[in-house]
Number of protein chains: 2
Amino acid sequence: MDQSISNDVVMSTKAVELHRQLTVVDGLQYPNWNRKIFEQLVEAGVSGVHATLVYHENTRETLTRFGEWERRFDEYSDLIRPVLEMEDVRRAKDERRVGVFFGAQNCSPIENDIELVGAFRRLGMLVMQLTYNNQSPLATGCYEQSDAGITRFGREVIHEMNRVGMVIDMSHSAERSTLEAIETSSRPIVISHANPLFFHDARRNKSDKVLKALAESGGMLGVSTYAMHLPGGGDCRLSEYCDMIARTVDLMGIDHVGLGTDLCQDQPAQTLIWMRHGRWSRSLNYGEGSADQPGWPVQPDWFKDARDYPNITSGLLSLGFQPHEIARIMGENWLDFMEKSIRPMSS
Amino acid sequence: MDQSISNDVVMSTKAVELHRQLTVVDGLQYPNWNRKIFEQLVEAGVSGVHATLVYHENTRETLTRFGEWERRFDEYSDLIRPVLEMEDVRRAKDERRVGVFFGAQNCSPIENDIELVGAFRRLGMLVMQLTYNNQSPLATGCYEQSDAGITRFGREVIHEMNRVGMVIDMSHSAERSTLEAIETSSRPIVISHANPLFFHDARRNKSDKVLKALAESGGMLGVSTYAMHLPGGGDCRLSEYCDMIARTVDLMGIDHVGLGTDLCQDQPAQTLIWMRHGRWSRSLNYGEGSADQPGWPVQPDWFKDARDYPNITSGLLSLGFQPHEIARIMGENWLDFMEKSIRPMSS
């Protein structure tokens, strides 16, 4: 008997059963965290989430974000647990909780101090983007007009991230910088949340060249459900999305594709303004939006909120993916990748 | 009767008399400030100094540097005074004191916050470099391999510096970034301390193209006495140096050339390490030095310390410069330029 999980997407019994067995890991989220969202994640069978800690926050503010998570781990201990090793995600699944690990969408936490890489890694920052849309001291963001690649400081930081086991994320970076990061890094890197350019032509999406280089070096792509990264935005259908995953797997190989939904559930408009403007601009910037559509985009009906992960399992199954392939895409790839990537090089 | 001012450079009575009448302004210094150096500056007839406040210091640390200067203004009130308008330099001359105004050699004081431009301008930071050798969030430094020009944040900051009357300094920037800063800025900018490339081929020196664009836009070059910027280093002769000034005046016009000695008197080796490494690198960087010459370079004998300004007056006179031209180069150009440049645009 089929049952409806949410949003009128009908799940087969087989899909429901398969989803229940998966260890689901999302390669990037930034919801407005609260009990409801954690409950929805547990309900949706999500065991691991890469939670964005900061966009433009500096060192001092990043510490506050860590402190806020300490309070959440206390307040919502029935629903969430911190992830310091990937085994914690397996434990979370057994406990019907969500394991949370942290990443920064920008290098602003380390400011101009290479020593802060090790300090934040120790605190549990497992991933860091070298740029967020703009030029950073390390690399160029995807909204700059010109890309000079990895900088002097950038090379130093990449080596340091390699050493301590902090994953380099180039989701919001420009192409040359991304290719140079792949080449400069001695360990595989990630694009935690973006889609291929062949799927939808957006500044944040990535070329075949980048995706191939990423896969060849052992890296990971997390595919995004953010409407701005989808053809037709919120009108994009689940079957189109899953077809994109199939084509991306053809391009990169089954081991190099995971989820990176970029779910920004329940965020107010002011969060979008912070993401787009930080404190760097006095001009109005629409980012991926426009004057006509300045706010949060409407999500597709098959991925409206944190309850909707089973829909992707269902869509992949309908398209003909095998259960073991679906398991890789829905979480096992992230687990394997993170497990080896966060180990310090000396150990 | 000729007399020797210092270091065996013989000054004519005419040169001594001319120097006494000048209002001397140095477009950039970074000595290890103490009573002796202030006394030497007074003795050398220097009335205005652009003092480097920071190299890599962040917002918090920059405030400490300002506080340290508050203590100096108190402790050495017989020798120095703060400069909040250029009339303060004239007053300093009348009082036989040195007027001190501030600049940052990097954009590190504002971190990622455009609002800090106005705050630091109010505190007395009259000049700020957009980069110091490396890529910054604003522009590219002269030691990077690739130069992408002025960034998104850079354009915003340039407009803000224009608005509040903070002078843009591209001394340590790469060529494309410098040309784009000249073009982006609605007010003339400076290269406060560097020499022309035609004089000595060093990464920090500037091409004819840059110097012409700078002059055509109404900007200023401060010529450097730092040994690394001189042909033959410390062996460069005063006559060669003054000939370079003459050629630079031919290129840029008499109103666009001043001093920017880059005097780093009595600084310990650890200051050089801070300048070269900040907190961005774990590798060894020699900056303008080399493995053979890792430390401070030996200064030419005609500009060993803060007593030696009269030698430049003497050298310019010997070369045939007219007294009114020498007055412009030795200080009046900086006074005129700064006077109009630090006025807020709204006033």
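Within each chain, residues carry numbers counting from 1 in the order of the written sequence. Throughout, the order in which chains and ligands are written sets their labels, letters from A for the former and numbers from 1 for the latter. Confidence filtering applies because this is a predicted model: local features only for residues at pLDDT of at least 70, side-chain atom pairs given and counted only at 80 or more, and all residues used for totals across whole chains, interfaces and linings.

Undergrad: Just checking my understanding: could you explain the overall build of chain A for this structure?
TA: Secondary structure elements follow DSSP: runs of H or I of four or more residues count as helices, runs of E of two or more count as strands, with numbering from the N terminus. Within chain A, the secondary structure is distributed over 12 helices and 11 strands. Principal axes of the C-alpha set define a box for chain A whose edges measure 60 × 40 × 40 Å. By the convention adopted here, residues are in contact when the distance between their C-beta atoms, placed from the backbone, does not exceed 7 Å. For chain A, the share of sequence-separated contacts (at least 6 apart) that also reach a separation of at least 24 residues comes to 71%.

Undergrad: Please clarify how the relation of the copies chain A and chain B should be interpreted in this entry.
TA: Here two copies of a chain appear, and what relates them is a rotation about an axis with a shift along it. Mapping chain A onto chain B calls for a screw motion: a turn of 180° about the axis and a shift of 0.0 Å along it, with 0.0 Å RMSD after fitting. Here the two chains are linked by the operation of a two-fold rotation axis. The fraction of interface residues of chain A whose copies in chain B are also interface residues reaches 100%, indicating that both copies meet through the same surface. Least squares is the method for superposing the copies, and the C-alpha atoms it fits come from residues with pLDDT of at least 70 in both.

Undergrad: Looking at this structure, how should I read the pairing of strand S7 (residues 125-129) of chain A?
TA: Taken residue by residue, a regular strand's side chains alternate between the two faces of the sheet. Residue and element names in this part refer to chain A. Counting other C-beta atoms within 10 Å of a residue's own tells you its class, since 20 or more makes it buried, 12 or fewer makes it exposed, and anything in between is partly exposed; those C-beta atoms are placed from the backbone. S7 sits mainly inside the fold: five of its five residues count as buried. Bridge count for strand S6 (residues 98-104) against S7 is three bridges, and the pairing is parallel. Among the inter-strand pairings, alanine 104 is bridged to a residue of S7, identified as methionine 128. Sheet analysis places S7 next to strand S8 (residues 167-169), joined by three bridges and oriented parallel. When the bridges of S8 are listed, glutamine 129 appears paired with aspartate 169. A pair of strands is labelled paired if DSSP reports no fewer than 2 bridges between them.

Undergrad: Whenever I open this one, the pairing of strand S10 (residues 220-223) of chain B confuses me. Can you help?
TA: Residue and element names in this part refer to chain B. Burial along S10 is two-sided: the residues Met220 and Gly222 and Leu221 and Val223 are all buried. Pairing of strand S9 (residues 190-191) with S10, which is carried by two bridges, proceeds in the parallel orientation. Paired with valine 190 across the two strands is methionine 220, which belongs to S10. In this region the chain leaves S9, passes through helix H8 (residues 208-216) and returns to the parallel neighbour S10; the handedness of that crossover is right-handed. Direction of pairing for S10 relative to strand S11 (residues 257-259): parallel, over a ladder of three bridges. Bridging across to S11, leucine 221 finds its partner in valine 257. Every crossover in which the path from the first strand over the helix to the second runs clockwise, viewed with the strands pointing away from the viewer, is termed right-handed.

Undergrad: Honestly, helix H5 (residues 115-123) of chain A in this entry has me stumped. Any pointers?
TA: An α-helix turns once per 3.6 residues; consequently, residues spaced three or four apart project the same way. Residues and elements named next belong to chain A. What H5 keeps buried is the set Leu116, Val117, Phe120 and Arg121. Seen from one end, H5 has its buried residues packed into an arc of 140°, which puts them on one side. Facing away from the buried side of H5, by more than 90 degrees, are the exposed residues Glu115 and Arg122. In this structure, the buried side of H5 is in contact with helix H3 (59-75), S7 and helix H6 (152-164). Glycine 124 lies just past H5 and shows a positive phi near 115°. An arc is given here, and it is the one of the directions from the helix axis to the C-beta atoms.

Undergrad: I'm lost on the packing of helix H7 (residues 175-184) of chain A against helix H8 (residues 208-216) of chain A in this one. Help?
TA: The description of two packed helices rests on the angle between their axes and on the distance between the axes. Residues and elements named next belong to chain A. Here the axes come from fitting lines to C-alpha atoms, over the contacting stretch only for helices, and the angles between their N-to-C directions go from 0 to 180 degrees. Running from N to C, H7 and H8 point in directions that differ by 15°, and their axes come no closer than 10 Å. One element, H7, and the other, H8, form an angle in the roughly parallel class. Crossing of H7 against H8: the hand is left-handed. Across the interface between the two elements, Glu175, Thr178, Leu179 and Ile182 of H7 pack against Val210, Ala213 and Leu214 of H8. Residue polarity follows a fixed list, in which Ala, Val, Leu, Ile, Met, Phe, Trp, Tyr, Cys and Pro are nonpolar, Asp, Glu, Lys and Arg are charged, and the others, Gly among them, are polar. Partitioning the contact of H7 with H8 into residue classes produces five nonpolar, one polar and one charged. Throughout this description, any angle smaller than 35 degrees is read as roughly parallel, any larger than 145 degrees as roughly antiparallel, any in the 65 to 115 degree range as roughly perpendicular, and the remainder as oblique. We call a crossing left-handed when the near helix sits turned anticlockwise from the far one by less than a right angle, and right-handed when that turn is clockwise.

Undergrad: Whenever I open this one, the environment of B:Leu126 confuses me. Can you help?
TA: Residue and element names in this part refer to chain B. Note on placement: leucine 126 falls in strand S7 (residues 125-129). Residue class for leucine 126 comes out buried when judged on the 22 C-beta atoms lying within 10 Å of it. Taking the C-alpha atoms as reference points, leucine 126 and valine 164, separated by 38 residues in sequence, lie 9.6 Å from one another. Setting aside chain neighbours within four positions, we find leucine 126 in contact with Phe101, Phe102, Gly103, Met166, Val167, Met338 and Ile342.

Undergrad: In this structure, what is going on with the confidence of the model for chain A? I would like to understand it.
TA: Detailed reading of the predicted coordinates is not advisable wherever pLDDT is low. Residue and element names in this part refer to chain A. Residues of chain A with pLDDT of at least 70 account for 97%, and the chain-wide mean is 95. The low-confidence segment residues 1-8 (pLDDT under 50) makes 20 contacts with residues lying over four places distant or belonging to another chain. Scored as a complex, the prediction yields pTM 0.93 and ipTM 0.90. pLDDT is defined as a per-residue confidence score from the predictor, taking values between 0 and 100.

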